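Topology and contacts: notes
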Amino acid sequence: MAGRKSSRWVLLLVWLHAASAAAQIVNVQALFDENTGPGRSAAVDLGADWRTGSTDLFSVRGALLGQWRSETHTWLAVLRGEYAFAADEVIVSKVMEHVRYRYGFTERLSGEVFLQHEFDKFRRIQFRALLGAGPRVRVLTDKKATLVVGLALMLEHERIRRDSEPDAGEFRTDPRLSSYVLGRLEFMENVFLVQTLYAQPRVTNPADIRLLNDTIFEVKPNERLSVGIGFNLTFDNSPPLGVPKLDTQLRTSVGIRL
């Protein structure tokens, strides 16, 4: 909602089907509520899958999200986790925390600072930390369409978990550029398309690049309900040994707010 009113998401249930493990780039930009004025908002994402019989599977995932905005300052904090096992074997185990601060210099230009931590057993990431900062420009601010571009210089520290692979236990600290383009289009009343593109090359070796294409189609039948379908594709040119370069993910969600 516009003005000084704030939206408060009370519950958001997410059913998620992934073709492979989620990739390293996290589309935090799509989590910002660009259309709210000063105020606070909070969200809880919950999901579970339990199957028995021909397929024994249990998975649980959740996230906490909080946002605080004033006329010039914005804070966003995200905590995500997922755990799953099938046939008595753990197949997913990961957690991610992200904190981002944004300062608005003008209506179109702002600066961002962010900090992120990740653990992902099945991408063989024991520890991954990011610290970055950079400008963000709202190129288009029409009521029906929004286009945003951003560029950040970030320092990445990554440590591979100790296992039987030749690169087990290796770690490195590298500077990367993180550039993104975010577009939001309202097709008709309460029907939206959100498209985000990321590119994250390593400064010392641009061929070591990570790419993300994230598409979200969202319908809001009324003020309290939203239904979304999302697809993302991520490419990592230099993943840890034994980890695929390409990840895809398809998800659907239902949201309820007061």
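Residues numbered from 1 in each chain as written. Predicted model: local features only at pLDDT ≥ 70, side-chain atom pairs only at ≥ 80, totals over all residues. Heavy atoms only, no water.

1. Re the overall build of the chain
Helix and strand content of the chain: 0 helices and 13 strands. Helices (α) and strands (β) of the chain occur, in sequence order from the N terminus, as β-β-β-β-β-β-β-β-β-β-β-β-β. Counting only residues that meet the buried cut, the chain has 40% of its 258 residues in that class. At a minimum sequence separation of 6, the contacts of the chain that also span at least 24 residues come to 54%. Of the roughly 13800 Å² that the chain leaves accessible, carbon and sulfur atoms contribute 64%. (Helix = DSSP H or I, 4+ residues; strand = E, 2+ residues; numbered from the N terminus. Buried < 20%, exposed > 50% of the residue type's maximum accessible area, 1.4 Å probe, protein only. Contact = heavy atoms within 4.5 Å. Areas by Shrake-Rupley, 256 points an atom, 1.4 Å probe, with all protein chains shown as cover.)

2. So, the pattern of salt bridges
Applying the stated criterion across every chain yields a total of 20 salt bridges. The salt bridge involving Glu-156 is made with Arg-176; its shortest N-O contact spans 3.0 Å. Of this pair, Glu-156 sits in strand 8 (residues 145-160) while Arg-176 sits in strand 9 (residues 171-188), and the two are 20 residues apart along the sequence. Pair check on accessibility: Glu-156 and Arg-176 agree, each one buried. For Arg-210, the salt bridge identified is with Glu-156, shortest N-O distance 2.4 Å. Residue Arg-210 is located in strand 11 (residues 205-219), and its partner Glu-156 is located in strand 8; the two are separated by 54 residues in the primary sequence. Exposure remark for Arg-210: the relative accessible area of 1% places this residue in the buried category. (Salt bridge = Lys/Arg side-chain N within 4 Å of Asp/Glu carboxyl O.)

3. Side note on the pairing of strand 6 (residues 109-120)
As paired strands, strand 5 (residues 89-104) and strand 6 are joined by 11 bridges and run antiparallel to one another. Bridge assignment links Arg-100 to a residue of strand 6, and that residue is Phe-114. Adjacent in sequence and paired antiparallel, strand 5 and strand 6 are bridged by 4 residues. Alignment of strand 6 against strand 7 (residues 125-141), held across 11 bridges, turns out to be antiparallel. (Pairing = 2+ DSSP bridges.)

4. Concerning a nonpolar patch on the surface
On the surface, Phe-105, Leu-109, Val-137, Val-139, Leu-140, Leu-147, Val-149, Val-181 and Leu-197 cluster together to form a nonpolar patch covering roughly 670 Å² of accessible area. Secondary structure elements with two or more residues in the nonpolar patch: strand 7 and strand 8. The greatest single-element share of the nonpolar patch, amounting to 3 residues, is contributed by strand 7. Relative to the helices and strands, Val-181 resides in strand 9. Judged by its relative accessible area of 35%, Val-181 is partly exposed. (Patch = residues over 30% accessible without salt bridge, like charges linked within 9 Å, V, L, I, M, F, W, Y side chains within 5 Å.)

5. Quick look at the confidence of the model for the chain
Looking at the chain as a whole, its pLDDT mean stands at 81, while 83% of the residues score no less than 70. Predicted confidence for residues 1-23 stays below pLDDT 50, and this span has 82 contacts to residues more than four positions away or in other chains. (pLDDT = per-residue confidence, 0-100.)

6. Here we look at the packing of aromatic side chains
Taken as a whole and judged by the stated rule, the model has 3 aromatic pairs. Taken together, a centroid distance of 4.9 Å and an interplanar angle of 45 degrees make the contact between Trp-75 and Tyr-101 tilted. Separated by 26 residues along the polypeptide, Trp-75 in strand 4 (residues 73-86) and Tyr-101 in strand 5 bring together distant segments of the chain. Judged by relative accessible area, Trp-75 falls into the partly exposed class, the value being 43%. Ring centres of Tyr-103 and Phe-105 lie 5.1 Å apart, and the angle between their planes is 75 degrees; this geometry places the pair in the edge-to-face category. Its relative accessible area of 30% is what places Tyr-103 among the partly exposed residues. Of the residues examined, Phe-105 reaches a relative accessible area of 55% and is grouped as exposed. Over the aromatic face of Phe-192 sits the side chain of Arg-184, whose NZ or CZ is 4.4 Å from the ring centroid. (Phe/Tyr/Trp six-rings, centres within 6.5 Å; stacked < 30°, edge-to-face > 60°. Lys NZ or Arg CZ within 6 Å of the ring centre and 35° of its normal.)

7. Here we look at the environment of Ser-41
Residue position: Ser-41 is located in strand 2 (residues 39-51). You can call Ser-41 buried: its relative accessible area is 15%. Placed 28 residues apart in sequence, Ser-41 and Arg-69 show a C-alpha to C-alpha distance of 8.9 Å.

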